Structures are given as structure tokens and as C-alpha cells.
Amino acid sequence: MMVHLFSPFTIKDITLRNRIGVAPMCQYSAEDGTPNDWHMVHLGSRAVGGAGLIIAEASAVVPEGRISPEDLGMYKDEHVQAFKRINQFIKEQGSVPGIQLAHAGRKASTYAPWKQPDLGVNVPDEDGGWNIVGPSALGFSEAFRTPKELTVGEIKEIQEAFRQATIRSLDAGFEWMEFHAAHGYLAHSFYSPLSNTRTDEYGGSFENRIRFVIETVRIMRKEWPENLPFTIRISSTDWQEGGWTIEDSIELSKRLKNEGVDLVDCSSGGNTPNPSIDVGPGYQVEFAERIRREAGVATAAVGLITEGMQADDHVRNGRADIILLAREMLRDPYWPLRAAQATHQTDHLTIPPQYERGW
């Protein structure tokens, strides 16, 4: 049978009821990394809205790995119970709860976006900011702090934090793991030659620059059950000459598949302040299509996918296995229900009985 947007999708023991996922989107609304009622409503309403997969926002593995002081975290045991309540509700609605574990690296210690017009980007120490780290002492831009270059010992400490956060994520009831290696955050800044000028085993050659990602995946993979999906988000290109390329991403994805990665979430950019990006509807889908075809691994497409027929076309034509939506889901948590109508797949409408009379 022809695979379409509302076909189930199975990885290991987990089956998504459709090919629609909520991409991780920072809400800048936590206190000391702990999710609260905002996250319950934000994530829960999108499960009610019919998405097959709900990925919680980037959750830092150490406090210093948060993008902002208000980011979610998975760096202490107290986070587990708070997430558990949210995940239970998501599962009750028929969706699969996922988490994206992250370290912001040289893009950490910043104000929430809506504060930046008045306060700037960098959070000073007196307002709760902190010193940041990266593969090299290269700031993202003049508005950001200059990171401290990580020692090999400090790299190992961060990888241990990813291991512990993976264990906590399982305890919290997550059933889908995503390692955040995109958008200029720590893992991406290691593999991109634009941000990594190291001369040791973590810098220089392609093999060395991808070492942090490969090692961290191995460490996390050992703690994550074999029967649950393990995925990764990458920036498929830096969109800049001399930077990371789609060809690099294809080669990395081949190796990640061999390490037990089940799906590659194909985003792009984020490692330079003003990249030249030809933005348009589905502008990143070609990356998901090439990685899926040339690396032989399942992929997720994301980026200006806004219409049901558009998303359905990408799945039907084998460009990606699942479609992740971000801003469109902020505008409409019931997008999957509307997409089912638009694609004439109303037999796949998953409407809670409390809402049936509205549909």
C-alpha cells in the first residue's frame, strides 16, 4: 500500500499513529530546568491535536548547557517526576513522548528571544548568566560571550552528563530519544570547521571533528533501550563556504546508522550569525531526501512545511519518513486534524471524545 502522511510509522517497539511530529521548540518558561504547567499545556494540547510524536524542547544535560536561564533541563533527579506527569498525559492521548537532550555550548547564557530587543543577547553574571564553553575559544558573534575551549577531561565530563540525562529520560517515561547535534550548539560546533580550530583528536580532520558526536551517541546508546528509537538532529549544511556540507552530513549519517541511530532529523544552519539561506516552502526537505537515499537511514524533514498536502506529498514520494512541524504547530495545535481533512484522510482523524462534536 502507498505510504502517506497518516500511515503508521514503526521504529523498534514504537509505532507512531501518523507521520506527523511536533519539533522541539524552546519555550523559555522553566525554572531551574523544571517543566511546569505551561509545558504540560503546550505539549499536551498538541497530543490532543493528533500529532503522532511530541518532542519536548531542547533539555540541557548540565545547567551551563542551557540556551537561557529559563530552558528545560534533565540534569537533576527532580526533573524526572515533573516530566513523568506530562509524558503520561501525552501517552493517554495516543501520542509518543520524545525528548531532545542538548548542550548549548557557545550559544548558552542568552536571554529569551522576547527579552533581547531590550536587554541584548548575553545574560550578565549579575542577572543569572554564566561562563560558556565550546570546542574552541571562538564566539558565535560579538553579541555573545567568548567560550572557554574545552579540555579533553571536560569533554568527558559533558559526555557523562549526557549519559546520566539519558537514564533520567527513560525514568521519566520518554519513548523517543533525540540527541541535539544541530543549530550551532555544542555538538554541531565540534563537527563544523567554522567553529572548531582544535589541533587535538577532536579537531582538524573530518574524523576528528565528528568524534564528539560519535562518542556521545555511543555513550547514550548504551543507556537507551534497544527497543526504543534513538535519533539525532543535525544541521545538514552550514550554508556557508568552507563550512559543513550536505556531503559531510551524508557521510556522518552513514556512520551514525552503524552506531545504532534509527533516524536523522535533518535541519540546517545555526552556526553563523548571517548565513545565506534560500528560504522557501520545504527548503530543507532535499537534505532529508538525500540522506535517506544515500545514507540508507530513516529521516525527518522540517522547515516551512505548513500545508497538509505539502507534507503528504513529501511522505508519499519518499523524501522523508516523518514530517516535523515547529512554528505551524505554534499557530495551530490541531494542524494534524486539519491536515487529515485536507488530504482526504478523515478516517484517520484522532479526535478526543470531548471534542468530537466540534468536528
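Here, every reference points to the structure presented above.
Residues numbered from 1 in each chain as written. Predicted model: local features only at pLDDT ≥ 70, side-chain atom pairs only at ≥ 80, totals over all residues. Heavy atoms only, no water.

### Digging into the overall build of the chain
Next, step 1: Secondary structure assignment for the chain yields twelve helices and twelve strands.
Next, step 2: In terms of C-alpha radius of gyration, the chain reaches 19 Å, essentially the compact-globule figure of 21 Å for 359 residues.
Next, step 3: Overall, the C-alpha framework of the chain stretches about 60 × 45 × 40 Å when taken along its three principal axes.
Next, step 4: Every one of the 359 residues in the chain was classed for burial, and the buried ones make up 59%.
Next, step 5: Residue pairs at least 24 apart in sequence account for 71% of intrachain contacts in the chain once pairs closer than 6 positions are excluded.
Next, step 6: Here the chain displays about 14300 Å² of accessible surface, and carbon together with sulfur accounts for 48% of that area.
Next, step 7: The average position of the 36 basic charges and that of the 49 acidic charges among the side chains of the chain differ by 3 Å. (Helix = DSSP H or I, 4+ residues; strand = E, 2+ residues; numbered from the N terminus. Rg over C-alpha atoms; globule rule 2.2 N^0.38 Å. Buried < 20%, exposed > 50% of the residue type's maximum accessible area, 1.4 Å probe, protein only. Contact = heavy atoms within 4.5 Å. Areas by Shrake-Rupley, 256 points an atom, 1.4 Å probe, with all protein chains shown as cover. Lys, Arg positive; Asp, Glu negative; His and termini not counted. Charge placed at Lys NZ, Arg CZ, Asp CG, Glu CD.)

### Some thoughts on the pattern of salt bridges
Next, step 1: Going through the model one piece at a time under the given rule, you end up with 25 salt bridges.
Next, step 2: A salt bridge links Asp262 to Lys12; the shortest N-O distance between them is 3.2 Å. On the criterion of sequence distance, the pair formed by Asp262 in the loop between helix 8 (246-258) and strand 10 (263-267) and Lys12 in the loop between strand 1 (9-11) and strand 2 (14-16) is long-range, its members being 250 residues apart.
Next, step 3: For Lys156, the salt bridge is made with Glu215, and the minimal N-O distance between the two is 3.3 Å. Of this pair, Lys156 sits in helix 4 (residues 152-171) while Glu215 sits in helix 7 (residues 211-223); the two residues are 59 residues apart in sequence, bridging distant segments of the chain.
Next, step 4: Counted as one network, the salt bridges with shared partners bring together Glu247, Arg290, Arg293 and Glu294. (Salt bridge = Lys/Arg side-chain N within 4 Å of Asp/Glu carboxyl O.)

### Topic: the nonpolar core
Next, step 1: Core analysis: the largest hydrophobic core is formed by 91 residues, its most contacted members being Phe179, Phe212 and Ile232.
Next, step 2: With residues near it in sequence (within four places) discarded, Ile232 still touches Glu178, Phe179, Ala181, Val213, Val217, Leu256, Val261, Leu263, Val264 and Asp265.
Next, step 3: Of all hydrophobic cores here, the second largest spans eight residues; its members include Ala104, Ala112, Trp130 and Tyr185. (Core = buried A, V, L, I, M, F, W, Y, C linked by side-chain atoms within 4.5 Å.)

### Considering the state of the cysteines
Next, step 1: As enumerated under the stated definition, the model contains zero disulfides in all.
Next, step 2: Here Cys26 is not disulfide-linked; the sulfur of Cys266 is the nearest cysteine sulfur, at 20 Å.
Next, step 3: By relative accessible area, which is 22% here, Cys26 ends up partly exposed. (Disulfide = S-S within 2.5 Å.)

### Remarks on unusual backbone geometry
Next, step 1: Positioned with a positive phi, Trp239 is a non-glycine residue whose angle comes to about 60°.
Next, step 2: Topologically, Trp239 is positioned in the loop between strand 9 (230-235) and helix 8.

### Considering the sheet that holds strand 3 (residues 20-22)
Next, step 1: With respect to topology, eight strands assemble into a closed barrel ordered 3-4-5-8-9-10-11-12, the strand pairing being parallel. Strand-to-strand, the axes of this sheet are offset by a mean angle of 25°, without reference to chain direction.
Next, step 2: Those strands touched by helix 8 are strand 9 and strand 10, and its axis lies near 165° from that of strand 9.
Next, step 3: Each of strand 9, strand 10 and strand 11 (298-302) touches helix 9 (residues 285-295); the most contacted strand, strand 11, lies at about 175° to it. (Pairing = 2+ DSSP bridges. Axes fitted to C-alpha atoms, helices over the stretch in contact; angles between N-to-C directions.)

### Side note on the packing of helix 4 against helix 7
Next, step 1: At a minimum axis distance of 9 Å, the contact between helix 4 and helix 7 shows a crossing angle of 35°. For helix 4 against helix 7, the interelement crossing comes out right-handed. In contact with Ile155, Lys156, Ile158, Gln159, Phe162, Arg163, Thr166, Ile167 and Leu170 of helix 4, helix 7 contributes Phe212, Glu215, Thr216, Ile219, Met220 and Glu223.
Next, step 2: Within the contact of helix 4 with helix 7, the residues separate by chemical class into eight nonpolar, three polar and four charged. (Left-handed = near helix turned anticlockwise from the far one by under 90°. Nonpolar A, V, L, I, M, F, W, Y, C, P; charged D, E, K, R; others polar.)

### Some remarks on the packing of aromatic side chains
Next, step 1: Enumeration over the complete set of coordinates arrives at eleven aromatic pairs.
Next, step 2: Relative to Trp244, the ring of Phe206 lies with its centre 5.7 Å away and its plane at 10°, an arrangement referred to as stacked. Taken together, the positions of Phe206 in helix 6 (residues 206-209) and Trp244 in the loop between strand 9 and helix 8 put the pair 38 residues apart, joining distant regions of the chain. A single burial state applies to Phe206 and to Trp244, both of which are buried.
Next, step 3: Arranged with centres 5.6 Å apart and planes meeting at 65°, the rings of Trp239 and Phe287 form a pair that is edge-to-face. Residue Trp239 is located in the loop between strand 9 and helix 8, and its partner Phe287 is located in helix 9; the two are separated by 48 residues in the primary sequence.
Next, step 4: Overall, the relative accessible area of 6% leaves Phe287 in the buried class.
Next, step 5: Cluster of aromatic residues (ring-pair linked, three or more members): Phe190, Tyr202 and Phe212.
Next, step 6: Against the face of Phe140 rests Lys107, its NZ or CZ located 4.5 Å from the ring centre.
Next, step 7: Above the face of the Tyr185 ring, Lys107 is positioned so that its terminal group lies 4.9 Å from the ring centre. (Phe/Tyr/Trp six-rings, centres within 6.5 Å; stacked < 30°, edge-to-face > 60°. Lys NZ or Arg CZ within 6 Å of the ring centre and 35° of its normal.)

### A closer look at the environment of Ala30
Next, step 1: Tracing the chain through its elements places Ala30 in the loop between strand 3 and helix 1 (37-48).
Next, step 2: Among the residues examined, Ala30 registers a relative accessible area of 7% and is labelled buried.
Next, step 3: For the pair Ala30 and Ala60, spaced 30 residues apart in sequence, the C-alpha to C-alpha distance is 12 Å.
Next, step 4: Leave out the neighbours within four places in its chain, and Ala30 touches Asn36, His39, Pro69, Glu70, Asp71 and Leu72.

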